[in-house]
Amino acid sequence: MSEPLQSTLAAEHAAVWLYALLGARTSASTQPTLHDTLSAAYVAHRGRRDVLVGLLRDDGEEPVAAEPSYVAPGPLEDGDQVRAAAQEAETATAAAWAYLVAHTTGERRRTAIAALRDAAVRHVGFGGAPSVDPADPADPADPADPATTG
């Protein structure tokens, strides 16, 4: 069970790093809504990371450490580029949480489902298109197709 938790933790470490960078690239005075949204995402990902660390320690496992540094997904010169990077972060964490959903049961699965849902909502909040599979935003939901809208 440890590998799905560890890989999800690794994705959350990367998201925490990226959101710290995105927050630093965004002005709270000139872009207050974006800055507040990024700050909330940072706090959410830190919380998810801490939950995963706790689960791994409960299992007697050593949680995977964060990398010393990560590579930003592209230029971060304006709000649109920052939003695009945030969308990528949410897609990556959604994929990790979806993987964990597939490999857990009970309360851990409920936790993973909630995190997956939160990543999907944040993705849309940063301007991403709604998707049938939040881990694959290239497959947006078609409101005219009942198969994609439930």
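Parameters at a glance
Residues numbered from 1 in each chain as written. Predicted model: local features only at pLDDT ≥ 70, side-chain atom pairs only at ≥ 80, totals over all residues. Heavy atoms only, no water. pLDDT = per-residue confidence, 0-100. Contact = heavy atoms within 4.5 Å. Core = buried A, V, L, I, M, F, W, Y, C linked by side-chain atoms within 4.5 Å. Buried < 20%, exposed > 50% of the residue type's maximum accessible area, 1.4 Å probe, protein only. Helix = DSSP H or I, 4+ residues; strand = E, 2+ residues; numbered from the N terminus. Salt bridge = Lys/Arg side-chain N within 4 Å of Asp/Glu carboxyl O. Expected span 1.5 Å × (residues − 1).

## Some remarks on the confidence of the model for the chain
Now for step 1: Across the chain, pLDDT averages 90, with 88% of residues at or above 70.
Now for step 2: In the model, residues 141–150 has pLDDT below 50 throughout and makes eight contacts with residues more than four positions away in sequence or in other chains.

## Observations regarding the nonpolar core
Now for step 1: Ranked by internal contacts, the top residues of the largest apolar core, which has 14 residues, are Leu5, Leu9, Leu52, Trp97, Leu100, Ala112 and Leu116.
Now for step 2: Of all the secondary-structure elements, those providing two or more residues to this core are helix 1 (2–24), helix 2 (32–58), helix 3 (79–102) and helix 4 (106–125).
Now for step 3: With sequence-adjacent residues up to four places away left out, leucine 9 is seen in contact with Arg49, Leu52, Val53, Leu56, Pro63 and Val64.
Now for step 4: Counting 13 residues, the second-largest nonpolar core is a separate cluster that includes Ala15, Leu38, Leu76 and Phe126.

## Side note on the pattern of salt bridges
Now for step 1: Tallied over the full model, the rule gives eight salt bridges.
Now for step 2: A salt bridge links glutamate 90 to arginine 122; its shortest N-O distance comes to 3.0 Å. Here arginine 122 lies in helix 4 and glutamate 90 lies in helix 3, a separation of 32 residues in the sequence.
Now for step 3: Overall, glutamate 90 belongs to the buried group, its relative accessible area being 0%.

## Here we look at the environment of glutamate 77
Now for step 1: Of note, glutamate 77 is situated in the loop between helix 2 and helix 3.
Now for step 2: The class of glutamate 77 is exposed, set by a relative accessible area of 62%.
Now for step 3: Distance from glutamate 77 to threonine 26, taken between C-alpha atoms, is 9.2 Å for residues 51 residues apart in sequence.

## A few points about helix 2
Now for step 1: The terminal C-alpha atoms of helix 2, which comprises 27 residues, lie 39 Å apart, in line with the 39 Å expected from a rise of 1.5 Å per residue.
Now for step 2: Burial in helix 2 covers these residues: Leu34, His35, Leu38, Ala41, His45, Arg48, Leu52, Val53, Leu55 and Leu56.
Now for step 3: Tucked into the core, helix 2 has its buried residues touching helix 1, helix 3 and helix 4.
Now for step 4: At the C-terminal side of helix 2, glycine 60 shows a positive phi close to 80 degrees.

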